[in-house]
Amino acid sequence: MAGSIPASASAEPVVSPAREAWRRFRRHRMAVFSLGLLALLVLAVALGPLVWTLAINEIDFTARLATPSAAHPLGTDDLGQDLLARLLYGGRISMAVGLAAMAMAIFVGVLVGAVAGMSRGWVDTALMWVTDLFLSLPQLPLLLLVIYLFREPLKVAFGPEAGVFVLIVLVIGAFGWMPVARLVRAQFFSLREKEFVEAARALGASRLRQVLRHILPNALGPVIVAGTVDVAAAIIAESTLSFLGLGFPPDIPTWGRILFDAKDYLDIAPHWALFPGLAIFLTVLSINFIGDGLRDALDPRRVL
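Note that residues are indexed from 1 along each chain, following the sequence as it is written. Reporting of local features is limited, given that this is a predicted model, to residues whose pLDDT is at least 70; pairs of side-chain atoms are given and counted only at 80 or more, and all residues count toward the totals for whole chains, interfaces and linings. Working from all heavy atoms in the structure, the side-chain values ignore hydrogens and water.

J.: An account of the packing of helix 4 (residues 83-118) against helix 5 (residues 122-136) is requested, with residue identities and associated values reported.
T.: Interaxial distance between helix 4 and helix 5 falls to 8 Å at its minimum, and their mutual angle equals 145°. As helix 4 packs across helix 5, the resulting crossing turns out to be left-handed. The segment helix 4 lies against helix 5, with Val-112, Val-115 and Ala-116 engaging Val-123, Asp-124, Leu-127, Met-128 and Thr-131. In this classification, the charged set is Asp, Glu, Lys and Arg, the nonpolar set is Ala, Val, Leu, Ile, Met, Phe, Trp, Tyr, Cys and Pro, and all remaining amino acids, among them Gly, are polar. Along the lines of polarity and charge, the residues of the contact of helix 4 with helix 5 split into six nonpolar, one polar and one charged. Between N-to-C directions, angles span 0 to 180 degrees; the directions come from axes that are lines fitted to C-alpha atoms, helices contributing only their stretch in contact. Note on conventions: DSSP H or I runs of at least 4 residues are helices, E runs of at least 2 residues are strands, and numbering of each starts at the N terminus. Helix crossings fall into two classes, left-handed where the near helix is turned counterclockwise from the far one by less than a right angle and right-handed where it is turned clockwise. Note on contacts: a residue pair is in contact if any heavy atoms of the two residues lie within 4.5 Å.

Given below as structure tokens:
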């Protein structure tokens, strides 16, 4: 018919879910700014030691407790060791602990939540009872107890640095999976009754295929948001343990360990505690803002 508009011309362009999520994420200005800040911090701790090559254990008593200067941009500690070099090195460990503990918490939480969400009866009840039990435990005293009991055996088995790293990741991850499990369970309860899952079940899809192909991909949005929160919580937990003297050995300068070493010099060398505290603050704050942006971007009920 003359004057008719072709269907291809009138149809709206197809936008992929990833592109739509990125469009929503960009609307959250603090999340975008935090993403850039976190990228700068990651690049600094990853590539900074290649640029600032001063050794982290180089002692210079002539520069003891020096304030920031051209030779030492962030100052020095009580042994004259350069704080910038130690912060760049320690940032790798603190961020690695956060990412590894988050991966463990997400894996265990998704596994427990998926099994509970696809099960009925005593299996779901037992798993949620275990989850509630872990949630009710006082985490910090148990963290201290477990580290006190198992730190030395793991040091002997894996070495002083790797042993403490494995222990801290396992302990923090073991106490961080419960919120993820409850979240995944609730998502599975909702998604397993949807029409597309019912159709897959009617076509003979096994329970494992239903989970891996249809339910789990649609439940990953809230899990990703929870993962960002877990990274921030793990960094704070590692810093807390190091500040209490139960983290990495004194010669391994994580951000929390630097704060622990600086606590007796706050009146005469405040810069020693200021910069590691600022690094922890900016990292955790940026991760939390990114989590807020991801929550808005991945929420299908939110229209921007």
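That covers the picture; the talk isn't over yet.
J.: Requested: an account of the nonpolar core, with residues and values cited.
T.: Counting residues in each nonpolar core, the largest one holds 46 residues, and the members touching the most others are Val-110, Phe-188, Trp-255 and Trp-272. Those elements that place two or more of their residues in this core are helix 2 (17-27), helix 3 (29-51), helix 4, helix 8 (178-191), helix 10 (207-215), helix 11 (220-243), helix 12 (255-262) and helix 13 (270-298). The element contributing the most residues to this core is helix 4, with ten residues. If near-sequence neighbours (up to four positions away) are discounted, Phe-188 is found in contact with Ala-114, Gly-117, Met-118, Val-211, Ile-215, Leu-216 and Ala-219. Residues belong to a common nonpolar core when they are buried Ala, Val, Leu, Ile, Met, Phe, Trp, Tyr or Cys residues joined through side-chain atoms within 4.5 Å. Whether a residue is buried, partly exposed or exposed follows from its accessible area with a 1.4 Å probe, protein chains only, as a fraction of its type maximum: under 20%, in between, or over 50%, in that order. One finds Ile-93, Ile-168, Ile-172 and Phe-248 within the second-largest nonpolar core, a separate group that totals ten residues.

J.: Explain the environment of Asp-230 to me, and be specific about the residues and the numbers.
T.: As for its position among the elements, Asp-230 is in helix 11. Asp-230 sits in the buried class, given a relative accessible area of 14%. For Asp-230 and Gly-91, which are 139 residues apart along the polypeptide, the C-alpha to C-alpha distance reads 17 Å. Other than its neighbours up to four places away in sequence, Asp-230 contacts Met-102, Ala-105, Ile-106, Gly-176 and Val-180.

J.: How would you sum up the packing of helix 3 against helix 4? Please name residues and give values.
T.: Between helix 3 and helix 4, the least distance of the axes is 8 Å, while the angle of their chain directions is 125°. Considering their axes alone, helix 3 and helix 4 lie oblique with respect to each other. As for how helix 3 packs across helix 4, the hand of that crossing is left-handed. Across the interface between the two elements, Leu-41, Val-42, Ala-44, Val-45, Ala-46, Gly-48 and Pro-49 of helix 3 pack against Leu-88, Gly-91, Arg-92 and Met-95 of helix 4. Orientation categories follow fixed angle ranges, with anything under 35 degrees roughly parallel, anything over 145 roughly antiparallel, 65 to 115 roughly perpendicular, and all other angles oblique.

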